[in-house]
Amino acid sequence: MNRKKLFLLLAITLLLTSMAAAAKNIYKYQDENGIWHFTDRAPEEDVQFETVYMEREPEPRIKLSQDGTKESPIYRVFNDFWGPVEIELKLLDARNVLSEPPLPARFVIPGQKEQVLVGLAAMNPALGYQYRLGMTFVPGAPIREPVSGIVLLPPFPAGEQYPVSQGFRGEKTHTSPDSEFAIDIAMPVGTSVHAVRTGTVMDVEEDFNRGGTNLEKFGDKANHVRVLHEDGTMALYAHLDLASVIVRPGARIRAGQKIARSGNTGFSSGPHLHLAIQQNTGMKLISVPFSFQTPEGQPQAPEEMKILQGTMGNH
């Protein structure tokens, strides 16, 4: 083996090792000069490339940390979403513990911010104390009443049409509050997915490339984009294709703008786009009904096994 090939092999090995530690995918492509590139950044859409998939677990977006002293610990949280979340903190199995503020308590943490949640100490310093902290969170700031009258652009380009394979209150998989008013749109892998409303990209997951009907194995492996709207609701676009998202967290996007490609990742029985409009009603994530704008400009509720048509708002 000559020195040039040996250097290339070493470089690839080092990249694979470092990417495996970070659990990122690696993209291999050849440029116009015949030089091979290996990178963790997806190439432009018009570049042919191969993907080396690195299996990993979803990264936590809400990160709890502890500082202070052993006698008086302080807990703080960092919200890695690009939008607000509501957090509920509880004391579990507590004995001789004093908290400030008193727990349980709820907190709304802005996107990309760190905030002190609670300080703890022994109620009687002469005695020992014990506790466990329980933390749950819901994306979005709380909106007490469900938002109504929402009209969306279809999530694909004008001139295209696709069937609704599962509608509101679908008995197959739309049986929980966060998916009760979701829909599934059957479309081939690689179909352009467009934003249904203007908003801010709150979260992106695009590193998974497998799907199946095993809920335990694939339930949290769906590539998705979550977009926060001005009224506090959020659009969830799920089961997207590997490395297909072309908008980044924190970006402002407009209705009709292309954001990704459809896929078949996560808990899925076939290629489709899962679309839901969600809101937090106070530590509870629900989905809400919506209509689509027709090519004639009229609102129309989606119906299972009916065809949706793209409109001129998408391009």
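The structure under discussion appears in the preceding block.
Procedures and definitions
Residues numbered from 1 in each chain as written. Predicted model: local features only at pLDDT ≥ 70, side-chain atom pairs only at ≥ 80, totals over all residues. Heavy atoms only, no water. Phe/Tyr/Trp six-rings, centres within 6.5 Å; stacked < 30°, edge-to-face > 60°. Helix = DSSP H or I, 4+ residues; strand = E, 2+ residues; numbered from the N terminus. Buried < 20%, exposed > 50% of the residue type's maximum accessible area, 1.4 Å probe, protein only. Salt bridge = Lys/Arg side-chain N within 4 Å of Asp/Glu carboxyl O. Pairing = 2+ DSSP bridges. Axes fitted to C-alpha atoms, helices over the stretch in contact; angles between N-to-C directions. Polar contact = N/O pair within 3.5 Å; in protein donor to acceptor, adjacent residues only side chain to side chain. Contact = heavy atoms within 4.5 Å.

Caption draft 1: Expanded view of the packing of aromatic side chains. Considering all chains together, one arrives at seven aromatic pairs under this definition. With a centroid separation of 5.2 Å and an interplanar angle of 85°, the aromatic rings of Phe 168 and Phe 290 are classed as edge-to-face. Here Phe 168, found in the loop between strand E12 (161–166) and strand E13 (183–186), pairs with Phe 290, found in the loop between strand E23 (285–287) and strand E24 (291–293); they are 122 residues apart in sequence, far enough to count as distant. With a relative accessible area of 23%, Phe 168 lands in the partly exposed category.

Caption draft 2: Inspection of the pattern of salt bridges at higher detail. Per the stated rule, a full pass over the model turns up 14 salt bridges. Bridged by salt links that share partners, the residues Asp 67, Arg 76 and Glu 114 form one connected network.

Caption draft 3: Here's a closer look at the sheet that holds strand E10 (residues 130–139). Taking strand neighbours across the sheet as the criterion, the three strands line up as E8-E6-E10 in an open arrangement whose pairing is antiparallel. Of all strands in the sheet, those with a lone pairing partner are strand E8 (105–109) and E10, marking the two edges. The sheet shows a mean angle of 25° between the axes of neighbouring strands, taken without regard to direction. One ladder, built from nine bridges, connects strand E6 (residues 85–95) with E10; its direction is antiparallel. Paired with Lys 90 across the strands is Gly 134, a residue of E10.

Caption draft 4: Representation of the pairing of strand E17 (residues 223–228) within the structure. Counted residue by residue, E17 has six buried out of six residues, so it is predominantly covered. Burial along E17 is two-sided: Asn 223, Val 225 and Val 227 facing one way and His 224, Arg 226 and Leu 228 facing the other are all buried. Bridge analysis of strand E15 (residues 199–205) against E17 gives five bridges, and the strand direction is antiparallel. Looking at E17, one finds that Asp 203 is bridged to Arg 226. Two elements, E17 and strand E18 (residues 234–240), share six bridges in a ladder whose sense is antiparallel. Note that in E18 the partner of Val 227 across the bridge is Ala 235.

Caption draft 5: Inspection of the pairing of strand E5 (residues 73–79) at higher detail. The alternating pattern of E5 places Pro 73, Tyr 75, Val 77 and Asn 79 on a buried face and Ile 74, Arg 76 and Phe 78 on a face that is not buried. Two elements, strand E4 (residues 62–68) and E5, share seven bridges in a ladder whose sense is antiparallel. Residue pairing across strands places Gly 68 opposite Pro 73, the latter belonging to E5. Hairpin remark: E4 followed by E5, antiparallel, with four residues in the connecting loop. Sheet topology places E5 next to strand E9 (residues 114–122); five bridges connect them, and they run antiparallel. Directly across from Val 77, in E9, lies its bridge partner Gln 115.

Caption draft 6: Seen up close, the side chain of Ser 99. Looking at the secondary structure, you find Ser 99 in strand E7 (residues 97–100). Take Ser 99: its relative accessible area is 11%, and that puts it in the buried class. Polar contacts involving the side chain of Ser 99 include one to the main-chain carbonyl oxygen of Pro 101, which spans 3.0 Å. Leaving out residues up to four positions away in the same chain, Ser 99 has contacts with Leu 91, Val 118, Gly 119 and Leu 120.

Caption draft 7: Region of the structure containing the sheet that holds E4. Spatially, four strands are ordered E4-E5-E9-E7 in an open sheet, and the strand pairing comes out antiparallel. In this open sheet, the two edge strands, each paired with only one partner strand, are E4 and E7. Neighbouring strand axes in the sheet, compared pairwise and without regard to direction, differ in orientation by 25° on average. Direction of pairing for E7 relative to E9: antiparallel, over a ladder of four bridges. Residue pairing across strands places Glu 100 opposite Gly 119, the latter belonging to E9.

Keep in mind these values describe shape, not function.
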